[in-house]
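# Architecture at a glance
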Amino acid sequence: MRGDDPLPTAPLASGPRAADVLRPLLGTVLDALAAGGRARGGPLPAGGPEAVATRVADVLGDVLPDHGDPDALRALVQTLAEGAADPADPLCAAHLHCPPLAVAAAADLAASILNPSLDSWDQAPAAAALEAAVTRALAHTAGLADALVTTGGTESNQLALLLAREAHGTGVRLVCGAGAHHSLPRAAWLLGLPDPVVVPAPSGVLDPAALDKALTTLPGPLLVAATAGTTDTGLIDPLPEIAGLCAAHGARLHIDAAYGGGLLFSDRHRERLAGLEAAHTVTLDLHKLGWQPIAAGLLAVRRPAELAVLHQRADYLNADDDTEAGFPDLLGRSLRTTRRPDVLKIAVTLRTLGRTGLGTLVDQVCARAREFAALVEAHPGFELYGRPVISTVLFRPAGADDDTVAAVRRRLLHEGRAVLGRARPDGRLWFKATLLNPHIRPDDLARLLKSAEEGTSV
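The following refers to the structure shown. (Residues numbered from 1 in each chain as written. Predicted model: local features only at pLDDT ≥ 70, side-chain atom pairs only at ≥ 80, totals over all residues. Heavy atoms only, no water.)

## Notes on a negative patch on the surface
Basically, it comes down to this: The residues that make up patches have over 30% relative accessible area and no salt bridge, and they are joined within 9 Å when like-charged or within 5 Å when they are Val, Leu, Ile, Met, Phe, Trp or Tyr. What sets the accessible areas is the Shrake-Rupley method with a 1.4 Å probe; for residues, cover comes only from the shown protein chains. Each reported salt bridge corresponds to a side-chain nitrogen of Lys or Arg within 4 Å of a carboxyl oxygen of Asp or Glu. Charged residues are defined here as Lys and Arg on the positive side and Asp and Glu on the negative side; His and the ends of the chain fall outside this count. A charged residue contributes its charge at one atom only: NZ of Lys, CZ of Arg, CG of Asp or CD of Glu. The helix count covers DSSP runs of H or I at least four residues long, the strand count covers runs of E at least two residues long, and both are numbered beginning at the N terminus. Between buried and exposed lies partly exposed: a residue is buried under 20% and exposed over 50% of the maximum accessible area for its type, with that area taken using a 1.4 Å probe on protein chains only.
Together, Asp122, Asp315, Asp321, Asp322 and Glu324 line one region of the surface with negative charge. Of the residues forming the negative patch, the biggest block, three residues, is contributed by helix H11 (residues 320–324). You can see Asp321 is positioned in helix H11. Look at Asp321 and you get exposed, because its relative accessible area is 51%.

And the structure:
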């Protein structure tokens, strides 16, 4: 650059002037979020997919114009907020999609501003040390030895199958229950493993007798995947019995606790995860019952030495002489190269709330689910699928057929009145309410049920 060339005009998020630059921008973002929420006026934008897409297109205009628009930040954030499914709204209860804690979101902002990348120590000195300490501590909470940070349950499950394949060969076969997450059979396909064996789950959880029969008759090596918190019903497989069968038959055990893993924070509910410590690998997901901004997944492992199969050498990132000189090698901590310090928001949350604070949030959403189930059970116009195990409640209009249930759910979505999920655990279609907002109150629960009732009566 010549001395008379102008300096770039777009300010950076870090450096000596960063605070002065960011303060007004943060004010713009917060004001736009509030304005978008007011314009939305409920848990979901009204009008359905076509109306939302039209509003976005109108505001977005030319994606890459010749000349920039200084109002783009306000306009697009407000549009996104107006068109959001707001997980903090009590009537937004379809999915395992939590409202994030304010302190976690603030920490996530710091991670974005500092922008360290955890593929080499010289890009993320403090973040590397923080991640090593936090992942070990969370693994110990689950009764295991170490953990890797992932983007969520899907990546964690894929990693678990990869470690099993590397430990036992390409012939290792996945055995899972009918309620297992779809990412498990997909991971078997991606990794070139044999077709999975699906064990019956007539009561919604993996049947130990059927599993025993499968482990007795199938040739090894076998990888059993149990679930602690199924996506559709929130049920927990009988983990101690499954662990005992795996030990007796010499099968490897993976437990997908992406949903239920948060119960570890609760003195009241952690006993539901007895048997977790017997697993070789465990999927955890703190952007569910951990109230983290996406993404905040982990894979905990019993044998850290198995992680050596992830090792790669790239001289510009982890040269041998640097490693021998004591600089940590981070490439073996993920399948990804560039990756952001998602551990920061997790660490801030753990330190700020502590186990007791997080456990209280877990207890609150579990209690709200029981209260909502009681409301449904007492209502003559609805049928309850079963008592919630974690925070998922399935219900349906009494006497309605599946087409009616589906149409009511879509009507509520189209009108922006309520966001309910859907599940088919017994061959019939049910509304699914997944309660992850610890601030929800009894009158909110009544409004949620009332919305379903009004949608049914139209």
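## Quick notes on the nonpolar core
As a reminder of what qualifies: Here the nonpolar core consists of buried residues drawn from Ala, Val, Leu, Ile, Met, Phe, Trp, Tyr and Cys, with membership extended through side-chain atoms lying within 4.5 Å. Contact between two residues is taken to exist if any of their heavy atoms lie within 4.5 Å; hydrogens are not considered.
If you look at the biggest cluster of nonpolar residues, it comprises 59 residues, and the most contacted ones within it are Leu211, Val224, Leu253, Ile255, Leu276, Val282 and Trp291. If you tally residues by element for this core, the top one is helix H12 (residues 343–378), at eight residues. Discounting residues that sit within four places of it in the chain, Leu211 has contacts with Val175, Val199, Leu206, Val224, Ile242 and Leu245.

## Re a nonpolar patch on the surface
A cluster of nonpolar side chains, contributed by Val56, Val59, Leu60, Val63, Leu64 and Leu76, occupies part of the molecular surface with about 530 Å² of accessible area. Of the residues forming the nonpolar patch, the biggest block, three residues, is contributed by helix H2 (residues 48–60). Relative to the elements of secondary structure, Leu64 occurs in the loop between H2 and helix H3 (72–82).

## Some details on the state of the cysteines
Covalent bonding between the sulfur atoms of two cysteines defines a disulfide. The cut-off we apply is this: Pairs of cysteine sulfur atoms within 2.5 Å are identified as disulfides in what follows.
Per the stated rule, a full pass over the model turns up zero disulfides. Free cysteine Cys92: the closest other cysteine sulfur is in Cys98, separated by 11 Å. Between Cys176, a free cysteine, and Cys246, which holds the nearest cysteine sulfur, the sulfur-to-sulfur gap is 12 Å.

## A word on unusual backbone geometry
In this structure, the amide linkage connecting Gly220 to the following residue, Pro221, adopts the cis form with an omega of -5 degrees. Looking at where Pro221 falls in the secondary structure, it is placed in the loop between helix H8 (208–217) and strand S4 (222–227). In the Ramachandran plot, Asn115 falls in the positive-phi region, its phi being about 55 degrees despite a non-glycine side chain. You can see Asn115 is positioned in the loop between helix H4 (102–114) and helix H5 (125–141). Asn115 gets classed as exposed once you look at its relative accessible area, which sits at 60%. One non-glycine residue, Trp291, lies in the positive phi region at around 60 degrees.

## A word on the sheet that holds strand S9 (residues 392–397)
The pairing of strands in a sheet comes from backbone hydrogen bonds and takes either a parallel or an antiparallel form. Counted only if it meets this: Two strands are counted as paired when DSSP detects at least two bridges linking them. To obtain each axis, a line is fitted to C-alpha atoms, and for helices this fit is confined to the stretch in contact; angles are then taken between N-to-C directions over 0 to 180 degrees.
A sheet is described by the order of its strands in space; here four strands give the open sequence S8-S9-S11-S10, paired in antiparallel fashion. Across the chains shown, the open sheet's two edge strands, defined by having one partner strand only, are strand S8 (382–384) and strand S10 (421–423). Each strand of the sheet is rotated relative to its neighbour by a mean of 40 degrees, with strand direction disregarded. Bridging between S8 and S9 involves three bridges; their strand directions are antiparallel. Note that in S9 the partner of Glu383 across the bridge is Arg396.

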